[in-house]
Amino acid sequence: MHPMVRDLYKRVIHVGYDYPLGLDYVRKTWKKVLRNPDNCPSCFDEHKNQIVSPSPACEREIRKAVGKGRAYIREMIGIIQLKKYRAMKKRYDN
């Protein structure tokens, strides 16, 4: 696994602890997405469905996909903050 992808997954797991649907949902969803060869076609061997040695095109695709993943993490953080805000408002609003 590429170090950037591993770091992205660690960030997802850290954010997933507070996610409203739970850590199990986040873990299953992201594992399925990370293992999908359609997200980085030049990094997978078509016949064996395994990761091949990295090429410059593969590196660009990985960086692009990690950038999208970080945007999704920011969305998850926004959802978590909204959940916490609504809980605080419900608790303290008269």
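The paragraphs below set out a description of the structure included in this document. Nothing here was measured: the structure is a model prediction, and the numbers come from that model. (Residues numbered from 1 in each chain as written. Predicted model: local features only at pLDDT ≥ 70, side-chain atom pairs only at ≥ 80, totals over all residues. Heavy atoms only, no water.)

1. A short note on the pattern of salt bridges
Pairing is possible between side chains of opposite charge, provided their charged atoms come close. Counting across every chain of the model gives five salt bridges. Between lysine 84 and aspartate 18 there is a salt bridge, with the nearest N and O atoms lying 3.8 Å from each other. One end of the pair, lysine 84, is in helix 3 (residues 56-92); the other, aspartate 18, is in the loop between helix 1 (3-16) and helix 2 (23-34), and 66 residues separate them in sequence. Given the relative accessible area of 46%, lysine 84 is considered partly exposed. A network of salt bridges, in which partner residues are shared, links Asp7, Arg11 and Arg70. (Salt bridge = Lys/Arg side-chain N within 4 Å of Asp/Glu carboxyl O. Helix = DSSP H or I, 4+ residues; strand = E, 2+ residues; numbered from the N terminus. Buried < 20%, exposed > 50% of the residue type's maximum accessible area, 1.4 Å probe, protein only.)

2. Describing the nonpolar core
Generally speaking, soluble globular proteins have nonpolar side chains that are buried together. Counting residues in each nonpolar core, the largest one holds twelve residues, listed as Leu8, Tyr9, Val12, Ile13, Val15, Tyr19, Leu23, Val26, Trp30, Ile73, Met76 and Ile80. When contributions to this core are tallied by element, the ones reaching two or more residues are helix 1, helix 2 and helix 3. The biggest single contributor to this core is helix 1, with five residues. Excluding residues that lie within four positions of it along the chain, valine 26 makes contacts with Val12, Gly16, Tyr19 and Met76. Residues Val5, Cys40, Cys43 and Val66 belong to the second largest nonpolar core, which totals seven residues. (Core = buried A, V, L, I, M, F, W, Y, C linked by side-chain atoms within 4.5 Å. Contact = heavy atoms within 4.5 Å.)

3. Section: helix 3
Here helix 3 spans 54 Å end to end across 37 residues, near enough to the 54 Å set by a 1.5 Å rise per residue. Of all the residues in helix 3, the buried ones are Cys58, Ile62, Val66, Gly69, Ile73, Met76 and Ile80. (Expected span 1.5 Å × (residues − 1).)

4. Focus: the environment of arginine 6
Secondary-structure assignment places arginine 6 in helix 1. In this structure the C-alpha to C-alpha distance between arginine 6 and valine 66, which are 60 residues apart in sequence, comes to 10.0 Å.

5. A word on helix 2
Along an α-helix, residues three or four apart share an orientation, since each turn contains 3.6 residues. Over its twelve residues, helix 2 runs 16 Å from end to end, which matches the ideal 16 Å to within 8%, given 1.5 Å per residue. Those residues of helix 2 that sit buried are Leu23, Val26 and Trp30. Buried positions in helix 2, seen along its axis, are confined to an arc of 60° and lie on one side of it. Of the residues in helix 2, the exposed ones pointing more than 90 degrees away from the buried face are Asp24, Lys28 and Lys32. For helix 2, the elements touching its buried residues are helix 1 and helix 3. (Arc of directions from axis to C-beta.)

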